[in-house]
Amino acid sequence: MSDEALQAELTRPVDPNAFVELAVARARERRVDLGPDDFWRRLQGRETSLHGPEAGELAADWPPAGWLPSAVGPPGSPHVDWAHFADEPLAEPFFGDSLRKATARPFNRVFRVRTSLATLVDGAGRGARRPTGLIFHFSRCGSTLAAQMLAAVPAYTVVSEAAPIDDVTRLDCIDPQDRAGVLAAMVAAVGRPRLAAERRLFVKLDAWHILAEAAFRRAFEGAPWVFIYRDPLEVLVSQMRRRGAHTVRGVLPDAMYGVDAEVPDDEYCAIVLRRTCEAAVSAFARGGGRLVNYADLPAALETQILPHFGEAPSAADRALMARAAGRDAKTPWQDFDADTDAKRREASPRLQRLALQHLAEPYLALEALRLAGAPPAGVR
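Residues numbered from 1 in each chain as written. Predicted model: local features only at pLDDT ≥ 70, side-chain atom pairs only at ≥ 80, totals over all residues. Heavy atoms only, no water.

Caption draft 1: Structural context of the sheet that holds strand β7 (residues 225–229). The strand order across the open sheet formed by 5 strands is β5-β6-β4-β7-β8, and the pairing between neighbours is parallel. Each edge of the sheet is formed by a strand with only one pairing partner; in this case those strands are β5 (156–160) and β8 (289–293). Across the sheet, the mean angle from the axis of one strand to that of its neighbour is 20°, orientation sign disregarded. With 3 bridges joining them, strand β4 (residues 133–137) and strand β6 (residues 200–204) adopt parallel strand pairing. Its bridge partner lying in β6, G133 is registered against F202. On top of the sheet, helix α17 (residues 349–372) reaches β7 and β8; it is set at about 115° to β8, its chief contact. (Pairing = 2+ DSSP bridges. Helix = DSSP H or I, 4+ residues; strand = E, 2+ residues; numbered from the N terminus. Axes fitted to C-alpha atoms, helices over the stretch in contact; angles between N-to-C directions. Contact = heavy atoms within 4.5 Å.)

Caption draft 2: Representation of unusual backbone geometry within the structure. Backbone torsion omega between G73 and P74 reads -10°, so that peptide bond is classified as cis. Tracing the sequence through the fold places P74 in the loop between β1 (67–73) and β2 (79–84). Cis rather than trans, the peptide bond between L297 and P298 has omega equal to 5°. With respect to the helices, strands and loops of the structure, P298 is situated in the loop between β8 and α14 (299–308). For R31, which is not glycine, the phi dihedral falls at a positive 55°.

Caption draft 3: Fine view of the environment of V187. Residue placement: V187 occurs in helix α9 (residues 179–190). With relative accessibility at 1%, the residue V187 sits in the buried group. With near-sequence residues (within four places) excluded, V187 lies in contact with P131, I165, L201, V203 and F220. (Buried < 20%, exposed > 50% of the residue type's maximum accessible area, 1.4 Å probe, protein only.)

Caption draft 4: Spotlight on the packing of helix α13 (residues 265–285) against α17. Following both chains from N to C, one finds α13 and α17 inclined at 5°, their axes separated by 9 Å at the closest point. Taken as axis vectors, α13 and α17 run roughly parallel relative to one another. Where α13 abuts α17, its residues D266, E267, A270, I271, L273, R274, C277, E278, A280, V281 and F284 lie against R350, L351, L354, Q357, H358, L359, P362, A365, L366 and L369. Class assignment for the residues of the contact of α13 with α17 results in 14 nonpolar, 2 polar and 5 charged. (Parallel < 35°, antiparallel > 145°, perpendicular 65-115°, else oblique. Nonpolar A, V, L, I, M, F, W, Y, C, P; charged D, E, K, R; others polar.)

Printed below as a string of C-alpha cells:
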C-alpha cells in the first residue's frame with residue numbers, strides 16, 4: 001500500500017492468470033515469500049461483490065489516488081470500502097457500471113482497503129475538488145444523456161448516481177449537524193482526480209436526492225445546480241415499463257413521500273414523481289438552480305446547463321459531446337432513438353388519469369418557473 005506504482009501495475013491485468021504471474025514476479029523481486037497458491041487462494045476465496053465481509057484493519061488515511069469508495073456499511077457503525085479503478089475514467093452511464101468493471105479485476109479481489117467514516121471526513125480537505133455543477137433530475141428525463149455528453153470530454157469527471165453518495169445521504173446514524181461534512185467528503189472521494197486531463201467535477205445525483213437538496217446546499221454552498229425534467233406522462237410510462245428503485249415501495253421510507261402504503265403500485269409511483277416535482281419547485285425558489293426540460297436536450301447542455309455551471313467548452317469538446325448525444329445514453333453502443341411518441345401511445349387511460357391527477361399541477365409550476373427565468377438571487 002506504500003507503493004502506488006506497484007498498485008497501478010498490478011491493477012492492469014484483467015486475466016487472473018496474468019495477474020498471478022505478475023504478482024509473484026514482483027513479490028520475488030522484493031524478496032517477499034509469496035507463491036502462486038497464495039494469490040489463487042485469495043482469488044478463489046473472495047467474492048467479486050462491491051464490498052466484501054472483511055478487509056482487514058481499518059486504514060488510518062485515504063488510500064492513494066487510484067482508489068475510490070465502493071460502498072458504505074453497515075448502517076449502525078459505518079465504514080467505507082474502497083476499490084482501485086486503475087487508469088480507467090468513469091465513462092460508463094452509471095458509477096455502478098464503472099465499479100463493477102473495477103471490482104472484477106483480480107487486484108481488487110486480492111487487495112482491499114477499508115476506512116472509518118471519520119477517516120473519510122478527515123482526509124477530504126487535501127486537494128479535494130468541489131463540484132462544478134450538480135445535476136438533479138425527475139428520472140427517465142435525459143439526465144443520463146447530459147451526464148454521458150459531459151463524460152465524453154477528457155477534462156470532465158462525471159460521477160453518475162454513485163451508491164456511496166446515496167448511502168451517506170440516507171445513514172440515520174449521522175448527526176444532522178455532521179451530514180453536510182460527510183456528504184461533501186464522500187463527493188470529494190468519489191470525484192477525486194485520478195487522470196492527468198481531469199479538471200472539472202460534475203455530479204449527477206439520484207432522482208430522489210432533490211428531496212435532500214437542503215443537505216447538498218449546505219455541503220456545497222454556492223454550487224450551481226440544474227433540475228432536468230420531462231412530461232410526466234412519458235416518465236410514468238417509462239417507470240411502469242421498468243421501475244426505478246426509488247419508485248418501488250419499501251426501498252425508501254413511505255414517510256419521505258407522504259404516501260399511503262395501501263395505494264396501488266402505479267399510483268404510488270405517480271405520488272413519488274409528484275413529490276419529486278414539488279421538491280424541485282421549492283428548491284428553485286431558494287436560488288442557485290436552473291430548470292431544464294427534456295424537450296430542449298441535447299442542445300440545452302451547451303446553451304443552458306454549461307453556461308449555468310460557468311463552463312465554456314472548446315470546439316473540440318463540443319464535437320465530442322455532440323458525438324455522445326447521437327448514442328443511446330444508457331446503452332451507448334446503440335444509436336439514440338427518440339421514444340416520445342411511442343410512450344404517449346403506450347399510456348393507458350388509467351396512467352393518463354394518474355398523470356393528470358397527481359402530476360399536472362407541479363409540472364405546470366415547473367414550466368412556469370422555467371419560462372419565467374431564474375428567480376432573484378437567494379440563499380445559495
